Amino acid sequence: MKLFSFEVPEPTEALPSIKSRYGILQWISSTDHKQLGILYLWVSLFFFLIGGFEAMLMRLQLAWPGLQIVSPQTFNELFTMHGTTMVFLVLMPTLIGLATYFLPLMIGANEMAFPRLNAMSLWMTLFGGLLLNFSFLAGGAPDAGWFSYAPLSEKNYSFSSGLDYYSIGLIVTGIGSIGAGLNFVITTLTMRIKGMRLRKVPLFVWMVFINSFLILAAFPLLNAGLVMLLIDRQLGSHFFLPNTGGSALLWQHFFWAFGHPEVYILALPGFGIISEVIPVFSRKNIFGYTTLAATTVFIALLSFGVWAHHMFVAGLGNPINTFFAAGSMLIGIPTGIKIVNWMATMWKGNIYFSTSMLFAVAFILDFTLGGLSGIAVAIVPLDWRVTDTYFVVAHIHYVFLGGTLFTIFAGIYYWFPKISGRMLNERLGKWHFWLFLLGFNMTFFLQHLLGFMGMPRRVFSYPDLPYYGILNLISSIGAVFMLIAVVIFIYNIFKSLRSGELAGNNPWNAWTLEWYTTSPPQLKNFETLPEVTSLRPVIDWEKQKVAQKS
Amino acid sequence: MKIVFRQTKLLMQLFIASESLFFVALIIAYVYFRNFSDTWEASTNYLNVKRTAIFSIFLFSSSGTITIAKYALEKNKRKLLIFSLILTILLGATFVFGQVTEYMDLYNQEVTINQNIFGSAFFTLTGFHGFHVFLGLIILTIYLILTLLDVFRQRDPSSAFLAAEWYWHFVDVVWVFVFFIVYLMPLL
């Protein structure tokens with residue numbers, strides 16, 4: 001593989017297997033997509049612990065009316081950093097990491113198109129995240145919410161340097177994500193194995209491919225907004241300051257013109273994982289490959305026409321509100337079609353409930369709930385009623401946890417054997433699943449009710465109104481269940497890495513190309529591959545082998 | 001077509017498309033503020049359109065000289081390549097010089113980034129464009145040095161040149177829009 005005609009440095013040692021020892025220098029200098037994918041996953045896990053700790057502190061503070069465990073200012077910093085960390089430093093890097101590892105494998109390539117760009121993307125993501133979290137040590141974390149509405153995020157309302165770190169950190173990770181997006185598109189377009197036409201790639205590849213266009217189109221808008229915010233704060237300009245000729249509304253437009261595609265950036269690769277997991281564990285072909293692929297494109301296009309539904313209370317006027325309400329409801333259609341596709345794939349299938357499959361099924365249920373509450377808040381008058389209440393908190397967590405995080409868990413249980421060569425312990429996995437499912441629904445389902453009862457979000461404490469205390473307490477207990485589940489999950493990872501059952505090449509009898517090579521793959525993923533003729537190449541080739549023998 | 005060349009081509013197309021949106025956002029901000037404040041008037045009061053137009057011609061003509069460089073590269077004319085690259089860099093540098101002196105003039109008239117919304121939007125938009133031109137100059141200089149060192153004798157230069165060339169055209173085209181919107185539209 002050559003880039004700009006110079007030799008690309010490729011790691012010369014064998015890939016991480018659990019037994020061999022690795023120099024840290026080799027990891028740092030690596031341009032191998034598999035090592036970078038693994039690094040992405042570790043980075044996400046690291047930030048997941050930080051973001052989770054912030055969430056637990058918040059639930060502790062909210063467990064009972066009138067508690068004083070953290071100060072109001074700390075609470076502001078906690079919910080801001082929790083949201084920002086989880087969106088930009090956990091969910092995105094995990095999805096990008098899984099794609100970095102598996103996209104080249106699934107299309108039968110040995111490397112990404114631009115290995116060094118790939119390494120740059122990873123390190124930008126990590127250092128952006130470290131910068132953001134450094135704000136804790138530098139006088140205070142950002143405290144204006146993860147979307148940092150101006151003028152609250154401006155210097156005269158937010159004195160600490162937290163929001164400066166927020167701007168710079170997110171610009172840095174954003175550039176990393178753009179690099180990853182470029183790499184995915186070009187790898188998919190130019191490095192597929194013979195016979196794999198673009199319209200016959202695995203759905204995970206397809207969805208990452210479409211998703212990358214969203215990244216490329218959305219992140220520049222965020223970066224432009226962040227640059228203006230930073231110049232406002234550092235050089236005293238007036239972009240988002242209404243009293244000196246600027247416009248606070250402009251920030252909202254920039255942020256959500258990025259922010260809503262971002263929601264789909266977090267959802268689409270997850271849809272891809274589900275579209276791989278469900279057919280394998282139902283022993284059936286995916287139902288409606290073309291529909292799933294096409295609806296992905298619709299979602300991607302529509303996602304740029306819905307951003308103002310975050311701004312129904314900003315006073316944009318009825319015509320604009322109506323337009324964006326209609327757009328938001330329209331986007332429910334392609335998503336709903338996908339749900340039907342996945343269910344139809346399972347219909348009359350020979351379903352095997354591995355932990356991965358359990359998470360996939362739970363995803364369908366909980367993501368549908370999140371989708372329904374999403375359609376609900378697309379109705380303008382209802383949104384006016386529940387905006388900025390716990391209803392919105394419940395909705396976003398049903399989409400990001402019940403949606404994206406469940407798909408990530410499904411993907412990790414599914415692909416861990418390929419990455420490490422060892423199976424994750426299924427018994428611990430089931431504990432993880434059931435505790436997390438219970439805890440998640442306990443924590444967030446009740447928040448729908450709290451929202452309807454009018455409890456505002458982002459307030460550090462609340463009075464002892466009827467039902468407020470008990471509902472919040474149950475919610476906090478649910479969070480503890482999730483904490484225990486995550487501890488089990490992490491224990492499972494470390495235990496299985498050391499002494500898990502050996503996986504072999506293809507433990508799930510799956511049929512996409514990554515299962516054709518060894519677990520973990522060698523530095524060179526494949527030496528040679530037979531021609532790909534269908535969506536299930538590995539099964540085709542096994543059949544051919546059997547036919548040749550007889 | 002060699003795969004590396006094809007990949008570089010795609011990379012530049014997508015990168016330019018993505019980076020354009022960054023400028024679209026900055027331009028939207030600039031135009032948007034017209035509704036709330038006197039950015040349009042300030043533009044006609046403070047900006048010296050003729051002077052900037054002359055410096056713009058330097059930038060626009062550098063797009064021509066880099067096309068000559070492309071021709072020289074294809075025909076393997078080393079001297080012409082080096083000459084046209086140096087010319088491109090000089091033309092680009094002249095533009096940046098013009099921008100710096102323009103900023104100094106404005107500073108003397110007490111138009112600064114923190115003085116009013118016109119200053120904020122103007123300096124951010126033109127500043128980011130100037131920054132991109134400056135990056136382009138660095139890229140072209142690196143390419144020139146590599147050519148002078150004969151690094152490309154054994155290696156295929158076409159991908160590297162393509163990247164530099166398209167990037168340069170990109171900053172040029174952005175300036176067409178910026179110049180039209182910031183300098184000319186208030187006069188219409």
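Residues numbered from 1 in each chain as written. Chains lettered and ligands numbered in written order. Predicted model: local features only at pLDDT ≥ 70, side-chain atom pairs only at ≥ 80, totals over all residues.

So, the overall build of chain A
A tally of helices and strands in chain A yields 16 helices and two strands. With respect to the three principal axes, the spread of C-alpha positions in chain A is 80 × 55 × 45 Å. In chain A, buried positions account for 56% of the 550 residues. (Helix = DSSP H or I, 4+ residues; strand = E, 2+ residues; numbered from the N terminus. Buried ≥ 20, exposed ≤ 12 C-beta atoms within 10 Å, placed from the backbone.)

A look at the overall build of chain B
From N to C terminus, chain B includes six helices and zero strands. Counting from the amino terminus, chain B carries its helices and strands in the arrangement α-α-α-α-α-α. Overall, the C-alpha framework of chain B stretches about 55 × 30 × 25 Å when taken along its three principal axes. Scored against the burial criterion, the 188 residues of chain B give a buried share of 32%. Across chain B, contacts joining residues at least 24 apart in sequence account for 83% of those joining residues at least 6 apart. (Contact = placed C-beta atoms within 7 Å.)

Quick look at the environment of A:Leu198
All names here are of chain A. Inspection of the secondary structure puts Leu 198 in the loop between helix H5 (162-190) and helix H6 (203-235). A tally of 13 C-beta atoms within 10 Å means that Leu 198 is categorised as partly exposed. Considering only alpha carbons, one finds Leu 198 and Thr 188, ten residues apart in sequence, at a separation of 8.0 Å.

A closer look at the packing of helix H3 (residues 72-106) of chain A against H6(A)
Residues and elements named next belong to chain A. Packing of H3 against H6 leaves a shortest axis separation of 10 Å and a crossing angle of 120 degrees. By the angle between their axes, H3 is oblique relative to H6. When you trace H3 past H6, the crossing you get is left-handed. Of the residues in H6, those touching H3 at Ala 99, Phe 102, Leu 103 and Met 106 are Phe 204, Val 205 and Val 208. (Axes fitted to C-alpha atoms, helices over the stretch in contact; angles between N-to-C directions. Parallel < 35°, antiparallel > 145°, perpendicular 65-115°, else oblique. Left-handed = near helix turned anticlockwise from the far one by under 90°.)

With respect to the interface of chain A and chain B
If you look at the interface, chain A gives 31 residues, while chain B gives 30 residues. Those elements giving two or more residues to the side of chain A that touches chain B turn out to be strand E1 (2-3), H5, H6 and helix H7 (248-282) of chain A. Element by element, the count of residues in the side of chain A that touches chain B is highest for H6(A), at nine residues. Each residue belonging to the side of chain A that touches chain B can be placed in one class, and the counts come to 20 nonpolar, ten polar and one charged. (Nonpolar A, V, L, I, M, F, W, Y, C, P; charged D, E, K, R; others polar.)

Some points on helix H15 (residues 468-499) of chain A
Residue and element names in this part refer to chain A. Here H15 spans 46 Å end to end across 32 residues, near enough to the 46 Å set by a 1.5 Å rise per residue. For H15, every residue scored as buried is listed here: Asn 472, Ser 475, Gly 478, Ala 479, Met 482, Ala 485, Ile 488, Phe 489, Asn 492 and Ser 496. Lining the buried residues of H15 we find helix H2 (33-61) and helix H14 (426-452). (Expected span 1.5 Å × (residues − 1).)

Looking at the nonpolar core
Residues and elements named next belong to chain A. Counting 212 residues, the largest nonpolar core has Val 277, Phe 359 and Ala 410 as its most contacted members. It is H6 that provides the largest number of residues to this core, a total of 22 residues. For Phe 359, the contacting residues outside a window of four places in its chain are Phe 406, Phe 409, Ala 410, Tyr 413 and Phe 433. (Core = buried A, V, L, I, M, F, W, Y, C linked by C-beta atoms within 7 Å.)

Some remarks on the packing of helix H5 (residues 117-148) of chain B against helix H6 (residues 158-184) of chain B
Residue and element names in this part refer to chain B. At a minimum axis distance of 10 Å, the contact between H5 and H6 shows a crossing angle of 160 degrees. One way to sum up the angle between H5 and H6 is to call them roughly antiparallel. The hand of the H5/H6 crossing is left-handed. Mapping the contact onto sequence places Phe 122, Leu 125, Thr 126, His 129, His 132, Val 133, Gly 136, Ile 139, Leu 140 and Tyr 143 in H5 and Ala 160, Phe 161, Ala 164, Tyr 167, Trp 168, Val 171, Val 174, Trp 175, Val 178 and Val 182 in H6. For the contact of H5 with H6, the class distribution of residues is 16 nonpolar, four polar and no charged.

What to know about the environment of A:Arg116
Relative to the helices and strands, A:Arg116 resides in helix H4 (residues 115-134). In this structure the C-alpha to C-alpha distance between A:Arg116 and A:His33, which are 83 residues apart in sequence, comes to 9.6 Å.

Some words on the environment of A:Ile364
All names here are of chain A. Its location among the elements puts Ile 364 in helix H11 (residues 355-378). By the C-beta count within 10 Å, which is 18 here, Ile 364 ends up partly exposed. Ile 364 sits 269 residues away from Leu 95 along the chain, and the two C-alpha atoms are 18 Å apart. When near neighbours in sequence (up to four residues on either side) are disregarded, Ile 364 contacts Ile 339, Trp 342 and Met 343.

A closer look at unusual backbone geometry
Residue and element names in this part refer to chain A. In the segment running from Ala 150 into Pro 151, the intervening peptide bond is cis, with an omega of 0 degrees. Residue placement: Pro 151 occurs in the loop between H4 and H5. A cis amide bond, omega -10 degrees, links Ser 519 with the succeeding residue Pro 520. Locating Pro 520 in the fold gives a position in the loop between H15 and helix H16 (537-549). The residue Ser 148 is not glycine, and still its phi comes out positive at about 45 degrees. Note on placement: Ser 148 falls in the loop between H4 and H5.

Description of helix H8 (residues 289-302) of chain A
Taking 1.5 Å of rise per residue, 14 residues should cover 20 Å, and H8(A) covers 20 Å from first to last C-alpha, within 8% of that figure. Those residues of H8(A) that sit buried are A:Leu292, A:Ala293, A:Thr296, A:Ile299, A:Ala300 and A:Leu302.

What to know about the confidence of the model for chain B
When pLDDT is low, close inspection of the predicted coordinates is not appropriate. Scored by pLDDT, chain B comes out at a mean of 93, with 99% of its residues at no less than 70. Interface confidence for the predicted complex, expressed as ipTM, amounts to 0.94; the pTM equals 0.94. (pLDDT = per-residue confidence, 0-100.)

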